[in-house]
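# Secondary and tertiary structure notes
What follows is the residue order along each chain.
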Amino acid sequence: MRLTKVYDRMKEENLDALFIKNRNNIRYITGFTGDAGIFYLDKKQGVLVTDGRFTEQATQEIKPLKVLEYKGSIWEELADLAKDAKRVGFDGNRFNFEEYAKLCKLMPDKELVSVDLDEIRIIKEKAELENLAIAAKIADEAFTKLLPQIQKGMTEKELAARLEYYMKNLGSDKTSFDTIVASGPRSALPHAQPTDRVLELGDFVTFDFGAMYKGYHSDMTRTVLIGMAREWHKEIYGIVEDAQRHGVAAAKVGMTGQELDALVRKEIADKGYGKFFIHGTGHGVGLEIHELPNINRLGTKPLETNMVFSVEPGIYIPGQGGVRIEDTVVLTEAGAHPLNSIGRQLIEII
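So, here's what we can say about the structure. (Residues numbered from 1 in each chain as written. Predicted model: local features only at pLDDT ≥ 70, side-chain atom pairs only at ≥ 80, totals over all residues. Heavy atoms only, no water.)

### Concerning the nonpolar core
- In this structure, Ile236, Leu260, Tyr273, Phe309 and Ile315 are the most contacted members of the largest nonpolar core, which totals 32 residues.
- Put simply, the parts of the chain that give this core at least two residues each are helix H8 (231-250), helix H9 (257-269), strand E14 (308-311), strand E15 (314-317) and strand E17 (327-332).
- The greatest single-element share of this core, amounting to eight residues, is contributed by H8.
- Contact partners of tyrosine 273, with chain neighbours within four places excluded, come to Glu235, Ile236, Ile239, Ile268, Ile315 and Ile317.
- Counting residues in each nonpolar core, the second largest holds 30 residues, with Leu48, Phe54, Ala58 and Val115 among its members. (Core = buried A, V, L, I, M, F, W, Y, C linked by side-chain atoms within 4.5 Å. Buried < 20%, exposed > 50% of the residue type's maximum accessible area, 1.4 Å probe, protein only. Helix = DSSP H or I, 4+ residues; strand = E, 2+ residues; numbered from the N terminus. Contact = heavy atoms within 4.5 Å.)

Okay, structure coming up:
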């Protein structure tokens with residue numbers, strides 16, 4: 001079925017052959033979990049071209065497809081495989097200019113066509129949904145273990161290290177991305193990396209993290225407070241909490257990511273904080289931590305059943321602090337179902 005999706009794209013583009021470099025697409029199509037190689041496909045055969053480090057692994061993982069170990073130049077091997085083709089596609093968003101130039105030099109008689117293949121992964125299969133649910137459960141359990149340990153005087157780095165340890169201990173292959181722990185004024189930085197800053201009373205502390213299971217990512221954000229909430233804490237947290245809850249509830253099959261983003265954005269703008277919501281509402285989650293569908297102003301594609309994406313509004317006030325709440329959801333005919341189970345209410349660390 002997955003190869004059929006690729007052949008359909010080749011037919012749409014009238015391609016005789018195709019080079020695929022994106023390792024997540026290679027994994028999706030073939031099952032190969034290594035990080036080096038290019039997958040070649042034409043109407044007669046599929047061949048993974050890789051080096052000696054991965055030949056045995058590939059042979060075991062991608063049966064009945066072929067494995068070709070290159071000794072010299074991988075580009076020369078690819079050009080030889082495509083020698084009878086006239087129109088050759090490649091996932092151009094994964095090739096750099098130097099690689100493209102090599103292909104042009106080796107295949108001067110071919111028409112090279114850049115093809116975006118990322119959309120083939122946008123609808124998740126049952127096994128993928130199961131892996132995503134397990135990844136989310138691991139992250140949930142790790143955060144649950146960490147919560148009672150959070151206290152004034154700890155550093156951001158210490159909290160990140162503990163959280164990552166718990167995820168690994170609970171079965172995560174590795175973290176989905178570099179764990180974000182941002183406290184106090186730094187919580188107004190959406191992608192702040194953990195530092196030696198010590199948690200103080202009155203700090204919002206934002207945790208953005210994820211586990212990975214069998215290559216599939218989870219993504220969740222929770223923001224807690226050190227001490228008792230003051231009015232400004234309650235105000236912005238409540239606005240984000242409402243916007244996030246309404247966004248999950250509003251997600252429906254047939255609406256676009258653009259429409260969902262606008263709805264969530266309006267919730268925050270109507271409360272006077274629109275200029276402090278400085279990123280998109282969400283993104284697809286799967287073999288990559290950021291993939292299709294787009295839940296932002298670029299998301300013009302209608303949402304479909306079994307698409308998986310995040311809903312993560314935030315308010316970020318420079319010099320003061322910020323709040324983000326994020327769940328990864330799977331879209332069903334009945335609406336969006338969160339894969340995360342951790343509560344979204346404000347937690348005060350006393």
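### Regarding the sheet that holds strand E7 (residues 180-183)
- Pairing is mixed in the open sheet, where four strands are placed in the order E7-E8-E11-E19. Here the strands that pair on one side only, and so sit at the sheet edges, are E7 and strand E19 (347-349). This sheet shows a mean twist of 25° between the axes of neighbouring strands, independent of strand direction.
- One ladder, built from six bridges, connects strand E8 (residues 204-209) with strand E11 (residues 220-226); its direction is antiparallel. Paired with aspartate 208 across the two strands is threonine 221, which belongs to E11.
- In this fold helix H7 (residues 156-169) packs onto E7 and E8, with an angle of close to 150° to the strand it touches most, E7. (Pairing = 2+ DSSP bridges. Axes fitted to C-alpha atoms, helices over the stretch in contact; angles between N-to-C directions.)

### Considering the environment of glycine 322
- Note that glycine 322 resides in strand E16 (residues 321-324).
- Glycine 322 sits in the buried class, given a relative accessible area of 0%.
- Separated by 138 residues in the primary sequence, glycine 322 and glycine 184 have C-alpha atoms spaced 8.1 Å apart.
- Setting aside its immediate chain neighbours within four residues, glycine 322 contacts Ser187, Ala188, Phe204, Thr206, Thr223, Ile315 and Tyr316.

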